[in-house]
Amino acid sequence: MRLTFFIILFTLFSSPLIAKEAVSLNDPAIDIERFKSLTSELRCQKCQNQTIWDSHAGLAEDMKTLVRDQMKQGRSDDEIIDFMVTRYGDFIRYKPSFSASNMVLWVGPFILLLAGIAMLFLQIRKRRQDIADTPLNADDTARVDELLKKQGGEG
Amino acid sequence: MLRYIAPLVVFMGMVLMFWIGLGKDPQKLPSALLDKPAPAFNLPQLHKANANFAPEELKGKVWVLNVWASWCAACRSEHPLFMELARRGEVTMVGLNYKDQINDAKTWLRQLGDPYVLSVSDLAGTVGIDYGVYGVPESFLIDKEGVIRYKHVGPVSRQDWNTIIKPKIKELEG
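Asks: What's the story with the overall build of chain B in this structure? I'm lost.
Replies: The helix and strand inventory of chain B stands at five helices and seven strands. Going from the N terminus to the C terminus, chain B shows its helices and strands as α-β-β-β-α-β-α-β-α-β-β-α. For 174 residues, the compact-globule estimate of 2.2 N^0.38 gives 16 Å, and chain B exceeds it by more than 25% at 20 Å. Overall, chain B is about 80 × 35 × 30 Å in size when its C-alpha atoms are taken along their principal axes.

Asks: I'm lost on the environment of F82(B) in this one. Help?
Replies: All names here are of chain B. Within the fold, F82 resides in helix α2 (residues 75–88). The spacing of F82 and K144 is 62 residues in sequence and 21 Å in space, taken between C-alpha atoms. Other than its neighbours up to four places away in sequence, F82 contacts M93 and P115.

Asks: It is not clear to me how the nonpolar core should be interpreted in this structure. Could you clarify?
Replies: The nonpolar side chains of soluble globular proteins are, as a tendency, buried together. In terms of nonpolar packing, the biggest core is built from 43 residues, with M63(A), Y98(B), V133(B), V136(B), F140(B) and I142(B) touching the most fellow members. If we ignore the near neighbours within four places in the chain, the residues touching M63(A) are L42(A), I52(A) and I129(B).

Asks: Explain the interface of chain A and chain B to me, please; I cannot follow it from the model alone.
Replies: When the parts of a complex come together, some accessible area is lost, and that lost area is often taken as the interface size. Taken together, the contacts link 13 residues of chain A with eleven residues of chain B. Secondary structure elements with two or more residues in the side of chain A that touches chain B: α3 (58–72) and α4 (77–88) of chain A. Top element by residues in the side of chain A that touches chain B is α3(A). It accounts for five residues. Classifying every residue of the side of chain A that touches chain B gives five nonpolar, five polar and three charged.

Asks: Would you mind showing me how to read the confidence of the model for chain B here?
Replies: Detail in the predicted coordinates should be disregarded across regions flagged by low pLDDT. Residue and element names in this part refer to chain B. On average, residues of chain B score 93 in pLDDT, and 100% of them reach the 70 mark or higher. The secondary-structure element of chain B with the lowest mean pLDDT is helix α1 (residues 2–23), recorded at 91, while strand β3 (residues 63–68) shows the highest, at 97. Prediction confidence for the complex, expressed as pTM and ipTM, is 0.74 and 0.75 respectively.

Asks: Whenever I open this one, unusual backbone geometry confuses me. Can you help?
Replies: A negative phi holds for most residues other than glycine; trans holds for most peptide bonds. Residues and elements named next belong to chain B. Cis geometry is adopted by the peptide bond preceding P137, which originates at V136 and carries an omega value of 0°. Relative to the elements of secondary structure, P137 occurs in the loop between α4 (126–130) and β6 (138–142). One non-glycine residue, D35, adopts positive backbone phi at about 65°. Considering the arrangement of structural elements, one finds D35 in the loop between α1 and β1 (43–44). Its identity is not glycine, yet K99 carries a phi of approximately 45°, on the positive side.

Asks: Is there a simple way to explain the environment of A49(B) in this structure?
Replies: Positionally, A49(B) belongs in the loop between β1 and β2 (52–53). Taking the C-alpha atoms as reference points, A49(B) and V120(B), 71 residues apart in sequence, are found 8.9 Å from one another.

Asks: Can you help me understand the packing of helix α2 (residues 32–39) of chain A against α3(A) in this one?
Replies: Geometrically, a packed helix pair is captured by the angle between its two axes and the distance between the axes. Residue and element names in this part refer to chain A. Between α2 and α3, whose axes approach to 11 Å, the crossing angle comes to 135°. The angle between the axes of α2 and α3 places the two elements in the oblique class. For the crossing formed where α2 meets α3, the hand is right-handed. Contact residues: α2 offers R34, F35, L38 and T39, while α3 offers K64, V67, R68 and M71.

Asks: Looking at this model, I keep getting lost on the sheet that holds strand β7 (residues 148–153) of chain B. Mind explaining?
Replies: The pairing of strands in a sheet comes from backbone hydrogen bonds and takes either a parallel or an antiparallel form. All names here are of chain B. Spatially, the five strands line up as an open sheet ordered β5-β4-β3-β6-β7, and their pairing is mixed. The two strands at the open ends of the sheet, each matched to only one other strand, are β5 (118–122) and β7. The sheet shows a mean angle of 20° between the axes of neighbouring strands, taken without regard to direction. Two elements, β6 and β7, share five bridges in a ladder whose sense is antiparallel. Paired with L141 across the strands is Y150, a residue of β7.

Asks: Mind showing me how you'd approach the pairing of β5(B) here?
Replies: Put simply, side chains in a regular strand alternate between the two faces of the sheet. All names here are of chain B. Within β5, four of the five residues are buried, leaving the element largely enclosed by the surrounding structure. Bridge analysis of strand β4 (residues 92–98) against β5 gives five bridges, and the strand direction is parallel. Within the sheet, the bridge partner assigned to G95 lies in β5 and is S119.

Quick notes on the rules
- Residues numbered from 1 in each chain as written.
- Chains lettered and ligands numbered in written order.
- Predicted model: local features only at pLDDT ≥ 70, side-chain atom pairs only at ≥ 80, totals over all residues.
- Helix = DSSP H or I, 4+ residues; strand = E, 2+ residues; numbered from the N terminus.
- Rg over C-alpha atoms; globule rule 2.2 N^0.38 Å.
- Contact = placed C-beta atoms within 7 Å.
- Core = buried A, V, L, I, M, F, W, Y, C linked by C-beta atoms within 7 Å.
- Buried ≥ 20, exposed ≤ 12 C-beta atoms within 10 Å, placed from the backbone.
- Nonpolar A, V, L, I, M, F, W, Y, C, P; charged D, E, K, R; others polar.
- pLDDT = per-residue confidence, 0-100.
- Axes fitted to C-alpha atoms, helices over the stretch in contact; angles between N-to-C directions.
- Parallel < 35°, antiparallel > 145°, perpendicular 65-115°, else oblique.
- Left-handed = near helix turned anticlockwise from the far one by under 90°.
- Pairing = 2+ DSSP bridges.

Now the structure itself:
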């Protein structure tokens with residue numbers, strides 16, 4: 001009983017000691033929705049498949065602080081994103097902007113789609129030609145007549 | 001004939017792309033600051049808190065800015081090499097002590113040796129963000145005009161130094 005009590009006491013009071021101070025979101029000066037959408041667009045460079053909004057890595061916390069400070073200074077979304085891009089490159093964005101170096105990624109799928117459609121049309125046209133009516137020769141006509149007659153007789 | 005060769009060529013192309021693509025280390029990101037002027041800063045020195053250091057002071061010199069911290073385990077693996085380079089006077093190296101405690105940092109240098117001409121304290125990590133630092137240690141090679149010429153992420157190995165960084169320094173000094 002006493003042990004349980006101490007365990008409960010310990011768990012109650014230990015977590016605040018371990019937890020690091022997260023970026024304060026209770027700041028009335030910032031619009032939390034805007035803060036969330038901005039930080040959800042930035043990739044944490046340390047934990048590459050997380051946004052800095054999701055991440056609690058030290059670097060992500062620092063970046064969140066920076067975003068918050070810049071929002072307070074009245075900077076626009078584009079200015080804040082650009083600030084990060086000039087330091088960390090396009091990779092920091094979850095939605096990279098169109099540029100010469102990533103053009104293939106943006107345009108490539110559409111080129112492949114068009115190529116696919118073009119090939120499909122060519123195939124269909126070719127097949128149409130292949131199955132165009134070809135008149136039967138005399139032997140075949142005779143066989144068809146015979147088969148039809150046979151079937152007619154049975155039915 | 002083409003219908004047999006074409007798929008083979010496409011397949012070989014894919015093999016090549018995957019070979020190159022999957023061989024890369026996804027943790028090593030290209031620096032956005034390559035061939036751009038090193039961001040300016042003015043930070044207090046680790047050992048002389050009332051004196052500051054700014055990168056402009058090293059204009060006309062080829063130097064290395066090494067981001068380190070006492071809490072960084074990987075920094076220990078590059079440290080002996082840096083000590084050796086410092087003894088030989090092979091490079092001018094400035095330390096950017098990143099998000100560290102001043103006393104911890106000083107103890108670390110006292111115990112392991114100080115290869116830096118000086119270290120500056122970036123307690124809040126804001127200068128680190130200006131330099132696009134995302135993993136410590138990182139090293140920036142800066143030329144005489146103050147332009148970043150090379151960035152190395154992770155500990156510098158002897159091989160990295162001899163085959164990449166040292167030749168680059170020679171070239172920039174030449």
